[in-house]
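# Inside the fold
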Amino acid sequence: MGNCFSDGGAKSAAAGGAGATSASPNNHHHHQSGAGGAASNDAVDLYLNSHGYRGLFSQIELSLSASNLRDRDTLSKSDPMAVIYTKGRDGKLEEVGRTEVVLNSLDPVWIAKHTVKYHFEILQTYVFRVYDVDSQFHNVPVKMLKLDEQQFLGEVTCALSEIVSKPTRSLTLNLVNGEEHAKDNHFQKLGVLTIRAQECTSSKTTAEIIFRCSDLEYKDLFSKSDPFLVISKAVGSGSLIPVCKTEVKKNDHNPTWKPVFLNLQQIGSKDTPLTIECFNFNSNGRHDLLGKTEKSLADLENLLNEEGESLFVPDVVGQSVQNKVLKSRLFVEKYSESTQHSFLDYIAGGCEMNFMVAVDYTASNGNPRLPDSLHYIDPSGRPNAYQKAIKDVGDVLQCYDSDKCYPCWGFGARPIDGPVSHCFNLSGSSIHSEVDGIQGILTAYDGALHNVQFAGPTLFGPIIHAASEIASQSLANNEHKYFVMLIITDGVITDLQETIDSLVKASDLPLSVLIVGVGGADFKEMETFWQVLDADKGGRLESSSGKIASRDIVQFVPLQRLQGGEISVVHSLLAELPSQFLTYMRSRDIQPRQPRNSQKCT
């Protein structure tokens, strides 16, 4: 999958922001740099809240074939054509493209291919419809054909992730008459449609760059600056969207950063202008601009081993803003391009992503029998914040887990006839934490509401330890798995240091931790904690023993911040997951392999 990160193929933790990401032109936040070097790197710091954000994507080429179609012609076989649609969350269909018409065939293999963008963090639903084109329209370009004048042969609906997660990257489905005739579908034999997906090579072509700066300005009174780079591209109206950043170099005016990896597809082309900004990290998020320059990848390649490029800062002169050239210079120490294994290569090679859930049952959630409780089960069926987070994240991740057995825990409550527990199985079993499917998680969540007494405090350490134990055992068994733990909570954690220690230890395991903050009573206080926990907000986490986290594995999204916006919780939570996954695989030189037989739930 397209990616951009630092630290040996990793998205290194750096000052406030998006890291190894790309964003869509719908991002409404402007990246502003004040004159005279004062700057707040808003586009990075607020990336979680930016409207319409999209994470990394891959270009996927779809090809179609069918077998045993219905013969709707009297004197000859059908002349089939396929039409591809995307299905929005509102159920509306938008046409993507059409194949050519294959004459006299009930087993067509269409030549026309269609390229679509695969986004890991979005559940992308596609509808494929097959029509028999009447002979009187054979000389009409397929784009001009009126579909209501053709004979409908059947359709299939599936998520793009269902296709790309298969080892063969192909999916064969029975054609049906359509959702409106769902009751009759299993009585009819309309043939089958096979969809094949091939990842475009451009999705895997990556430029590796090592940057160095010299003679950076002093911004701190009592110490040297703590510089980091942010690389952005202009989109839409000219807004700058971060696509990559380096780590923070402490007290260094002549820094050399670890390699960054820029995916050519994410950038657009080697000639796409990029803005490279050097900031001095401040813990309050208002980072000082130390200098910037504008270069394309082709320009950066030409800078290799040259005398560098002068940085500049915007400077107000009279009524205009001019560029003030600095003595600070940017150098390119290494530039190389290569084709690397993508996220989808690992998935097709049999690597699975296993979903885990931990739910906050502390008393601060309120009495679940009352409508003002965060755990209130609405008789109308409208999901509460906990149910929605479980379903939305689970719907995306379930395609990447063959057995669909999910460990799920609760914390901060007193199970029946027991003391307060900060990690108990929602399944009700004292031995097994797994439940079957997303519906199984929701059922177990609901059941626990009636079987536990809400208590406190809010501790994360025990549940992160439980997830780490499973990931560690999987690693010891040489299983090709990566674990994704979703924690849903409403309040401030009281075991900050233990949580940090657990996360630092877990950073060496195939594990990512997604946290959804629900409710708003202690929200400001929560954010203080998350600025420490989420390495996007500052430097790497450090344990009480002085060990530094090997990578960033935490992603936090405050639900209240996203309500009413264009960006969904699941998009924000999952946007960085492919990069975290690739960071782990590449830093350990783990190559894609063939899938193993899936294990059944115990």
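Up top you'll find the structure we're talking about.
A few points on the structure.

Conventions we followed
- Residues numbered from 1 in each chain as written.
- Predicted model: local features only at pLDDT ≥ 70, side-chain atom pairs only at ≥ 80, totals over all residues.
- Heavy atoms only, no water.
- Helix = DSSP H or I, 4+ residues; strand = E, 2+ residues; numbered from the N terminus.
- Polar contact = N/O pair within 3.5 Å; in protein donor to acceptor, adjacent residues only side chain to side chain.
- Core = buried A, V, L, I, M, F, W, Y, C linked by side-chain atoms within 4.5 Å.
- Buried < 20%, exposed > 50% of the residue type's maximum accessible area, 1.4 Å probe, protein only.
- Pairing = 2+ DSSP bridges.
- Axes fitted to C-alpha atoms, helices over the stretch in contact; angles between N-to-C directions.
- Parallel < 35°, antiparallel > 145°, perpendicular 65-115°, else oblique.
- Left-handed = near helix turned anticlockwise from the far one by under 90°.
- Contact = heavy atoms within 4.5 Å.

### So, the side chain of R169
Within the secondary structure layout, R169 lies in the loop between α2 (160-164) and β7 (170-174). Within polar-contact distance, the side chain of R169 engages the backbone oxygen of L344 at 2.9 Å.

### Brief notes about the nonpolar core
Judged by nonpolar contacts, the single largest core of 78 residues is most densely connected at F128, F343, M353, Y361 and L574. With seven residues, the single largest contributor to this core is helix α8 (residues 437-451). Judged by nonpolar contacts, the second largest core, of 27 residues, contains I487, I500, V504 and V554.

### Overview of unusual backbone geometry
Following G456, the chain continues into P457 via a peptide bond in cis, with omega recorded as 0°. As for its placement among the helices and strands, P457 is situated in the loop between β22 (452-454) and α9 (461-476). Even without glycine at this site, N305 takes up a positive phi of about 65°. With respect to the helices and strands, N305 occurs in the loop between α5 (297-303) and β15 (309-317). Owing to a relative accessible area of 63%, N305 belongs among the exposed residues under this scheme.

### Some points on the pairing of strand β5 (residues 125-132)
Extensive coverage of β5 is indicated by the burial of six of its eight residues. Where strand β2 (residues 80-87) and β5 come together, eight bridges link them in antiparallel fashion. Counterpart to A82 in the pairing with β5 is V130. Alignment of β5 against strand β6 (residues 151-159), held across eight bridges, turns out to be antiparallel. In the strand pairing of β6, D132 is matched with Q151.

### Thoughts on the packing of helix α7 (residues 385-397) against α8
Axes are the key here: two packed helices are described by the angle between their axes and the distance separating the axes. Their axes nearest at 10 Å, the elements α7 and α8 cross at an angle of 165°. One finds that α7 runs roughly antiparallel with respect to α8. Taken as a pair, α7 and α8 cross one another with a handedness that is right-handed. For the pair formed by α7 and α8, the contact residues are Y386, Q387, I390, K391 and G394 on the first element and I438, I441, L442 and Y445 on the second.

### With respect to the side chain of T272
Mapped onto the elements, T272 comes out in the loop between α4 (264-267) and β13 (274-280). Residue classification places T272 among the buried residues on the basis of a relative accessible area of 17%. Polar side-chain contacts of T272 include one of 3.1 Å to the backbone nitrogen of S269. When sequence neighbours within four positions are dropped, the list of residues in contact with T272 reads I267, K295, S296 and L297.

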